[in-house]
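# Structural features, examined
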Amino acid sequence: MPTNSSLIEPKAINEISYTLYYGTFIHTPSLKELDISFNTIVGVNNLGVIDFIHKNYNPDHHNNMSPVQFFIKNRHFDFIDYSQEPTKFFVPGFIDTHIHASQFPNIGIGLDCPLLDWLNNYTFPLENEFTNSNSTDSKLKFAKDIYSQVIEKTLNNGTTCASYFTTIDPQTTNLFAELLLRFGQRGFVGKVCMDHNETYADYSETFEECIDSMNAIINHLHNLNPQDEILVKPIITPRFAPVCTRDLLFFLGQLSKSHNLPIQTHISENEKEIELVHDLFPDCEDYASVYNKHNLLGESTILAHAIHLTKKERKIIKQKNCSISHCPTSNTFISSGEAPIKKYLYEDEINVSLGTDVSGGFDSSILAIIKHCILVSHHLAMKTKNQKDKLSINDALFMATQGGAQAVGMADQIGTFELGKKFDVQLIDLKSEDSNVDVFDWQLPFKEHHTSIENHKSLSKDEQSKKMFDLLGKWIFSGDDRNCVKVWCNGRLVVNKVRYNHDDRWVMC
Ligand SMILES: [Zn+2]
């Protein structure tokens, strides 16, 4: 009689500890070969994989060490110890949930231009350069220069994962994904989709071209990732409702479902833009309803800006479990407004993350966005005379890390230090070379190179934590990329600025 397979608990996936086996091992490495090995040490890791073999072990040849002592001595692992250096600490890698890679050269350009003019005057002409059909070589070179620089720059600022907008062009978008892998940054790659650009018709695509491009990108990225790892992933990117036909919006909603891909777009950034959406979609009650009607709102949707949302829109966004990407630098630079983030976080319980929004935002560092989101919230609080509108350091750091992880659908993999998560981390050093942070000895939570027992004698744990929190404030408000001295992504060191004169102590065990 067949067994109901749901009742079977497979024995061969039980949890196991790292185990050393010691004895005689016999096997046949090839058809004509029988191998008999006595006194052999075999190590099996917790995935059930053999990762250590030493045949014919003889304690006489190894200072009479037992097999276990010998294994520990010969096990190579790096031990990196910063525990006695009070100005160095680890924080999770930053997650930038809204950044336009293609707009990187426009950083700092276009002050005082409201959104719709800013797009026509600065953004569309630059993005159009990526679509040059006359020469593929020069197009790829143009894109490579810009894309390499934006990835390097953000990594150097501690961003280990970002959700990018590229342009409408599929070739250079595929190149961008390859560069992410090459530099070692985790990335969501969003080819911009827009088949209705009335105000700047030169930079647009047809519905059919968009379908072809999306298919090409999805296939390319699928083949690009290493086995058993997803380091780069396509993200469905309708630019924003005014430049997309209803057919395209419906298609993109379906594409997200059929390929299980996340979605990113803009919403309620500017009052003129909201009016335009109302005129173009008179059958929809509000901006959020346009996206909702086309099946674009879900738990893997990132909505950038979200400054002027109505109560009803906030309710839909919460119900659909979407995330907001807050872009305070851009919102200030192009005078779009002050988003009431504290209300979104605590009243509506919407997940909010942070975005640099390069180049509406002039800084590609999430540390800078942390500063700006706190300052913008203080301005909002002064305006509303409500202290509750102020964001704290904790709020900002959460949005920059775990909030970002949730926004990109990786809350269980990155964003905090937890068992089972990937090691996406930055090492901060307040005393790095040329550091802008000034720290006095009496501000340290413990004295350098003292043992922890001695430290506890002088300060209580609470006092030490308080001093460390103050150092965190110093880093956030006066620190910059010079303090981000090392960056790891997926456990691999991808940025190392401490090549010379560093005092990392390595112990080979
Ligand atoms: Zn944007």
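Below, the structure is looked at part by part.

The rules behind each value
- Residue positions are given per chain, counting from 1 as you read along its sequence in written order.
- For a predicted model such as this one, the threshold for reporting local features is a pLDDT of at least 70, and the threshold for listing and counting side-chain atom pairs is 80 or more; totals across whole chains, interfaces and linings nevertheless cover every residue.
- Side-chain numbers here rest on the full set of heavy atoms in the structure, without hydrogens or water.
- Atoms are scored as donors when they are N, O or S and lie within 2.8 Å of the metal, with 3.2 Å used for Na, K and Ca; no water is included, so coordination may look incomplete.
- By the criteria applied here, four donors are tetrahedral when all angles lie between 85 and 135 degrees, four are square planar and six octahedral when opposite donors are over 155 degrees apart and every other angle lies between 65 and 115, and any other arrangement is irregular.
- Helix numbering and strand numbering both begin at the N terminus, where a helix is a DSSP run of H or I of at least 4 residues and a strand a DSSP run of E of at least 2.
- Only protein chains enter the accessibility calculation, which uses a 1.4 Å probe; a residue whose area is less than 20% of its type maximum is buried, one above 50% is exposed, and one in between is partly exposed.
- Two N or O atoms count as a polar contact when they lie within 3.5 Å, although within protein this holds only if one can serve as hydrogen donor and the other as acceptor, and sequence-adjacent residues are included solely when both atoms are side-chain atoms.
- Any pair of residues with heavy atoms lying within 4.5 Å of one another is described as a contacting pair.
- Residues form patches when they are more than 30% accessible in relative terms and have no salt bridge. Like charges link within 9 Å. Nonpolar side chains (Val, Leu, Ile, Met, Phe, Trp, Tyr) link within 5 Å.
- Areas reported here follow the Shrake-Rupley algorithm with a probe of radius 1.4 Å; residue values treat only the protein chains shown as occluding.
- For this document, the term salt bridge refers to a Lys or Arg side-chain nitrogen within 4 Å of an Asp or Glu carboxyl oxygen.
- Following DSSP output, two strands are said to pair if at least two bridges run between them.
- Only protein atoms enter the 1 Å grid, on which a cavity is a set of points fitting a 1.4 Å probe that cannot get out and a pocket is an open set with protein on both sides within 12 Å along at least 5 of 7 lines, lining residues being those with an atom within 4 Å of a point.
- Grid points are joined across faces, edges and corners, and a volume is the space filled by probe spheres set on the points.
- Residues are grouped as follows: nonpolar covers Ala, Val, Leu, Ile, Met, Phe, Trp, Tyr, Cys and Pro; charged covers Asp, Glu, Lys and Arg; every other residue, Gly included, is treated as polar.

### Quick word on the coordination of the zinc ion
Looking at the metal site, the zinc ion is ligated by His 98 (NE2), His 100 (NE2), His 266 (NE2) and Asp 357 (OD), spaced 2.1 to 2.5 Å from it. Geometry at the zinc ion is irregular, judged from the 4 donor atoms that bind it and their angles of 84 to 168° at the metal. Of note, the zinc ion draws all its donor residues from one chain, in the sequence arrangement H-x1-H-x165-H-x90-D. Residue His 98 is found in strand E6 (residues 94-100), and its partner Asp 357 is found in the loop between strand E15 (351-354) and helix H12 (366-384); the two are separated by 259 residues along the sequence. His 98 gets classed as buried once you look at its relative accessible area, which sits at 1%. Judged by relative accessible area, Asp 357 falls into the buried class, the value being 4%.

### Concerning the side chain of Asp 348
Among the structural elements, Asp 348 can be located in the loop between helix H11 (341-346) and E15. The exposure class assigned to Asp 348 is buried, which follows from its relative accessible area of 16%. Polar contacts involving the side chain of Asp 348 include one to the side chain of Arg 314, which spans 2.6 Å. Setting aside chain neighbours within four positions, we find Asp 348 in contact with Arg 314, Lys 318 and Lys 343.

### Looking at a nonpolar patch on the surface
Where nonpolar side chains cluster on the molecular surface, the patch consists of Ile 26, Leu 34, Ile 36 and Phe 38 and spans about 430 Å² of accessible area. Considering every element that reaches the nonpolar patch, the biggest residue donor is strand E2 (residues 33-44), with 3 residues. Relative accessible area serves as the criterion here: at 56%, Ile 26 is assigned to the exposed category.

### What about the pairing of strand E8 (residues 186-190)?
Along E8, 5 of the 5 residues are buried, which leaves the element largely enclosed by surrounding structure. On E8, burial covers both faces: Arg 186, Phe 188 and Gly 190 on one face and Gly 187 and Val 189 on the other are all buried. Note that strand E7 (residues 159-165) and E8 share 5 bridges and pair parallel. Looking at the pairing, Ala 162 lines up with Gly 187 of E8.

### Observations concerning the layout of surface pockets
Space inside the largest pocket adds up to approximately 630 Å³. Lining of the largest pocket is provided by 34 residues; of these, Lys 233, Pro 262, Ser 300, Val 408 and Gly 409 occupy positions nearest its centre. Going through the elements one at a time, E8, strand E10 (232-234) and helix H6 (246-259) are the ones with two or more residues in the lining of the largest pocket. Grouping the constituent residues of the lining of the largest pocket by class yields 12 nonpolar, 14 polar and 8 charged.

Distances and angles like these do not, on their own, reveal function.
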